[in-house]
Amino acid sequence: MIIAIHSPYWMVNKTGRMLQYKADGIHRKHPPDYKMPLLFSFQPKHFYQNNKVQLMVTDSELSDHFSLDTVGSHGFVKCKRHKKEFQVGVTIDNSSFNLTRIVTFTPFFMITNRSTHNLEVAEEGTEQWIPIILQQCTPFWPENNESKLLVRVEHSDIPPKIIQLNKQENCLLLRLDNQLGGIIVDITLSEHSTSIAFSDYHDGAAPFLIINHTKGEMIEYGQSSLSVMEDSLAPNKAVLYTWAHPIGSRKLKWKCGKGSGEVTQKDDLMTPIQAGSKEIYLVSFFEGLQRIILFTEDEKVFKLAYESEKVELAEQEIIISLQDVGISLVNNYSKQEVAYIGITSSDVIWETKPKKKLRWKPLSVKQTDKLEKEFNDYCGHSPAENKIIELDNNVPVCLTPTGNNMKILQPNEIPLRRSFLPALKVQYSTSEHQSSFRVQIYRIQIQNQIPGAIFPFVFYPIKPPKSVTLDSEPKPFTDVSIVMRTAGHSQISRIKYFKVLIQEMDLRLDLGFLYALADFFTFSDEVPKDQEIELFKKDVEAVQEELKNISSTDTSQISLYEYFHISPIKLHLSFSLSTGGEESNKEEKHNDLIPVQSLNLLLKSIGTTLTDVQDVVLKLAYFELNYHFCTTQGLQWTVIMHYSKQAIKQMYVLILGLDVLGNPFGFIRDLSEGVEAFFYEPYQ
């Protein structure tokens, strides 16, 4: 007989402070210097219940009750003390052997110094300077709620700079002096932490490079929130500029002769200004990651910059359209078809081509239905002559027996055709400085091909309400649009526009289908004994690691994303514990049920059970970035975490009825904004 003993929870203390956990009326102390996980369990009589604990930091009061069982979720708890509040981040992960939850406690504020300078930080209004050691992550425990932090270089006479802790910052350059240059600060806000990372200056980190390409004009400039101009720039000189007051406005004011104005990092400007009797051109554009503000008298320079930034017509365009695509998944070993994936085109649509337009535009669903009915009635009588019918508002339409050369007659003559939207459409166009890419999938449907399936249709889009569709044109299930521009002479990627729209959808799963998919994609799900030991060792090593900032240390190429948006995801989820199918191979199915038995054991240990789910609606808030510098790998990870965290939390709340840390319907710092600020119906 082999008996395996496990602890339901490993408590990991990375706060640097004494923690106490109160559960079942018992306090358990967790010293800050104890590097191994504290093995924690509730009392036996409460073991199969939805248990909660309270946290105490040093000599604080106890926090509110919170659950330790929502694996994959993140959040923070507050522990109040006289005139102070401790905020502790809580991350709940699963162990490699599934039965133990690893609960990690971290400081809510963490500061990492990746620069080459020794730094010190302090709260505004205090003189308690905290050293930030090079290449280490330092916990920060604020004494007040002002959320303002002073930063200075150790043993330097440079006045400290002030930053705002409750505001996301991406590549904010703090000005030091001509000898030290500057340091970059990135502030990342998440549900369970605020991470502050300092790093050295790199090309493009300054908000502006101001160039005075005039013969005799002085350029005055400064931050718009300051009462006076900060400095002036002589002719044929250039200077890198960053904000004198980092928490002030993010607009640069300038004055040249009699002309003056303001510019931001988001403005692409191409405009002439008057400087006395002269005309000077102001140009604002990107070169690589650097925003350049150019003042020039040379019209040729102005036109050259203008040509590189203006909207361009495509010089080359490639369009690929597929009417219908079908993919069948067949398991060659079991000789069974598992699923059929169909990507299909739309129903019949009617399109017009207005004058001076290159593309056909679909009519609304209401107009399409009326034209289609009239056309079918017309063709049913084997016509030989054209027919005039009336569309909305007494608009005459000419129908033809062949369907060719049809047109709207008034108020202007517009070509009309009967067509359909393809199942898959890929468009790629390119010009000298710009390239664009668009992919549209009209409809995708996945069918369960296993005999006796509980849900014959596994996945399909849900049609928007009729009140919406009648007055709008048909929309594809997925629409991805990307516009990229070359950033001057640099090879840096500059994504001007990246938008993904995904319509409402329905997902229906049963165990039989999941088992069939597992058999199709994997050969064996058994983990060798020696691999189990290695995974266990990695769990132990992970909990013993020093505190580290979760901010990405990715060193790959940085790109500029001017506008990046992924729509909300609205998913109707149904799940059945039945395997369906034929009742043969019972022994095989019995073996397959072992993972489900393990999952039920895990859920039973937290006071809940896995049951059938019918039409639970998950609403995942949209993701958006504006003028953001990051790497592709870092962005991919951020997007995945954004949606997966919401999905996990909502499933805990809506399916299992568990309490979670934080807001299950999206990360909201300011609750006054409400959930609707982050979620809209996909068809809008």
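The structure presented is a predicted model; accordingly, all values stated were derived computationally and were not measured. (Residues numbered from 1 in each chain as written. Predicted model: local features only at pLDDT ≥ 70, side-chain atom pairs only at ≥ 80, totals over all residues. Heavy atoms only, no water.)

A. Examining the confidence of the model for the protein more closely. Per-residue pLDDT for the protein averages 83, and the proportion of residues at 70 or more is 88%. The model gives residues 583–594 a pLDDT under 50, and that stretch makes eight contacts with residues more than four places away or in other chains. The low-confidence segment residues 667–677 (pLDDT under 50) makes 16 contacts with residues lying over four places distant or belonging to another chain. (pLDDT = per-residue confidence, 0-100. Contact = heavy atoms within 4.5 Å.)

B. Fine view of the pattern of salt bridges. Inspection of the entire model under this criterion finds 22 salt bridges. In this structure, Arg438 and Asp479 form a salt bridge, with 2.7 Å as the shortest nitrogen-oxygen distance. Taken together, the positions of Arg438 in strand β38 (residues 434–441) and Asp479 in strand β41 (residues 478–486) put the pair 41 residues apart, joining distant regions of the chain. Overall, the relative accessible area of 32% leaves Arg438 in the partly exposed class. Given the relative accessible area of 10%, Asp479 is considered buried. Put simply, Asp268, Arg291, Arg494, Lys496 and Glu562 are held in one network by salt bridges that share partners. (Salt bridge = Lys/Arg side-chain N within 4 Å of Asp/Glu carboxyl O. Helix = DSSP H or I, 4+ residues; strand = E, 2+ residues; numbered from the N terminus. Buried < 20%, exposed > 50% of the residue type's maximum accessible area, 1.4 Å probe, protein only.)

C. Highlighting the sheet that holds strand β32 (residues 361–362). Spatial strand order, β32-β31-β36-β35-β34-β33: six strands in an open sheet with antiparallel pairing. Strands with a single pairing partner mark the edges of an open sheet, and in this sheet they are β32 and β33 (387–390). Bridging between strand β31 (residues 348–352) and strand β36 (residues 414–420) involves five bridges; their strand directions are antiparallel. Paired with Trp350 across the two strands is Arg418, which belongs to β36. (Pairing = 2+ DSSP bridges.)

D. Here's a closer look at the nonpolar core. Formed by 40 residues in total, the largest nonpolar core has its most connected members in Met505, Phe564, Phe623, Leu635, Val639 and Tyr643. Ignoring sequence-local partners within four residues, the contact set of Phe623 consists of Phe564, His565, Ile566, Leu635, Thr638, Val639, His642 and Tyr643. Judged by nonpolar contacts, the second largest core, of 39 residues, contains Phe108, Leu176, Val185 and Phe208. (Core = buried A, V, L, I, M, F, W, Y, C linked by side-chain atoms within 4.5 Å.)

E. Molecular detail of the environment of Leu409. Here Leu409 shows up in the loop between β35 (406–408) and β36. Spatially, the C-alpha atoms of Leu409 and Val395 are 7.4 Å apart, while their sequence positions differ by 14 residues. Look past the residues within four positions of Leu409 in its chain and what remains in contact with it is Ile388, Pro396 and Cys398.

F. Broad picture of the pairing of strand β42 (residues 493–502). Here nine bridges tie β41 to β42, and the two strands are oriented antiparallel to one another. For Val483, the partnering residue across the bridge sits in β42 and is Tyr497. Two strands pair when backbone bridges link them, and β42 and strand β44 (residues 558–566) are joined in this way by five bridges, in the parallel orientation. When the sheet's bridge partners are listed, Val500 is paired in β44 with Ile566.

G. Here's a closer look at a nonpolar patch on the surface. On the surface, Ile318, Ile320, Leu322, Tyr428 and Phe437 cluster together into a nonpolar patch covering about 430 Å² of accessible area. Ranked by residues supplied to the nonpolar patch, first place goes to strand β28 (residues 316–322) with three residues. What makes Ile320 partly exposed here is its relative accessible area of 47%. (Patch = residues over 30% accessible without salt bridge, like charges linked within 9 Å, V, L, I, M, F, W, Y side chains within 5 Å. Areas by Shrake-Rupley, 256 points an atom, 1.4 Å probe, with all protein chains shown as cover.)

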